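Summary of the model geometry
Next come the chains, spelled out residue by residue.
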Amino acid sequence: MNAGDGARDSAHAGARGIPGGVGGTLHHVEVWVRDLEAAVASWGWLLERLGWVPYQRWECGRSWRLGGTYLVVEASPAVRGEAYDRRRQGVNHLAFHVAGEQEWEKVTAEALERGWRLLFADRHPFAGGPGHRAAYLENGEGFEVELVAAEEGPEAVGGAGPGAGVAS
């Protein structure tokens, strides 16, 4: 059996044994940073603007929650290496739905005012491909987020997906 075959066998395969049927949903993402204050300023503002609420706070980190998922920024003493580079192997970026085109335009403009930089400006807002309205933004530490404009809410967005031609 290949990884993922079980999901094809049962629509609820990921939910087995998990209260509330949340099996397979994302629990949390942890982003390690060098500068906690800078991360809180950029990530914290963006997450709260998108409806996430502060969740946890400790000496080296903070988290924000939306539904059953939370996102952590942490300046762990175990961080190794030089500055973050999203082009190395690992996670390239996180993508967030923004409800409605007008709200997407507002959030994008506010992010730019708060120090996020627009990537792929020559192809904005369709850098992810035709019909995929998104803003690709980078903060001061080099982390990238994609803000995807959703017309009828998150379930209505198909997205460009892998191979859309964006070298991010």
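Per an unreviewed UniProt entry, the protein carries the name Glyoxalase and comes from Streptomyces koyangensis.

Moving on, we come to the pairing of strand β5 (residues 93–99). Residues Leu94, Phe96 and Val98 point to one face of β5 and are all buried, whereas His93, Ala95, His97 and Ala99, pointing to the other face, are not buried. Summarising the sheet, β5 and strand β8 (residues 144–150) pair through seven bridges and their orientation is parallel. Residue pairing across strands places Ala99 opposite Ala150, the latter belonging to β8.

Note that Arg62 resides in strand β3 (residues 61–66). Taking C-alpha positions, Arg62 is 5.6 Å from Val73, a pair spaced eleven residues apart along the chain. Setting aside residues up to four positions removed in sequence, Arg62 forms contacts with Leu36, Val40, Gln56, Arg57, Leu71, Val72 and Val73. A polar contact of 2.6 Å, which involves the side chain of Arg62, links it to the backbone oxygen of Trp58.

Our focus in this paragraph is helix α2 (residues 36–49). Here α2 is 14 residues long and its end C-alpha atoms lie 19 Å apart, about the 20 Å a rise of 1.5 Å per residue gives. Along α2, the positions that sit buried rather than exposed are Leu36, Ala39, Ser42, Trp43, Gly44, Trp45, Leu46 and Leu47. The opening residue of α2 is Asp35, an N-cap whose side-chain oxygen sits 3.2 Å from the backbone nitrogen of Glu37. Trailing α2 by a residue or two, Gly51 shows a phi angle of about 105 degrees, which is positive.

Thresholds, definitions, all that
One numbering rule holds for all chains: residues counted from 1, following each sequence as written. Local features in this predicted model are restricted to residues of pLDDT 70 or higher, and side-chain atom pairs are both shown and tallied only at a pLDDT of 80 or more, whereas totals for entire chains, interfaces and linings draw on every residue. Computation of side-chain values: all heavy atoms of the structure, hydrogens and water removed. Summary of the burial criterion: residues with accessible area below 20% of their type's maximum are buried, those above 50% are exposed, and those between are partly exposed, where the area comes from a 1.4 Å probe applied to protein chains only. What counts as a helix is a DSSP run of H or I of at least four residues, what counts as a strand is a run of E of at least two, and both are numbered from the N terminus. Paired strands, as defined in this entry, are two strands with at least two bridges between them according to DSSP. Throughout, a residue-residue contact means that at least one pair of heavy atoms, one from each residue, lies within 4.5 Å. Pairing of N or O atoms within 3.5 Å defines a polar contact, subject to two protein rules: one partner must be a possible hydrogen donor and the other a possible acceptor, and residues neighboring in sequence count only if both atoms are side-chain atoms. How far a helix is expected to stretch is found by multiplying one less than its residue total by 1.5 Å.

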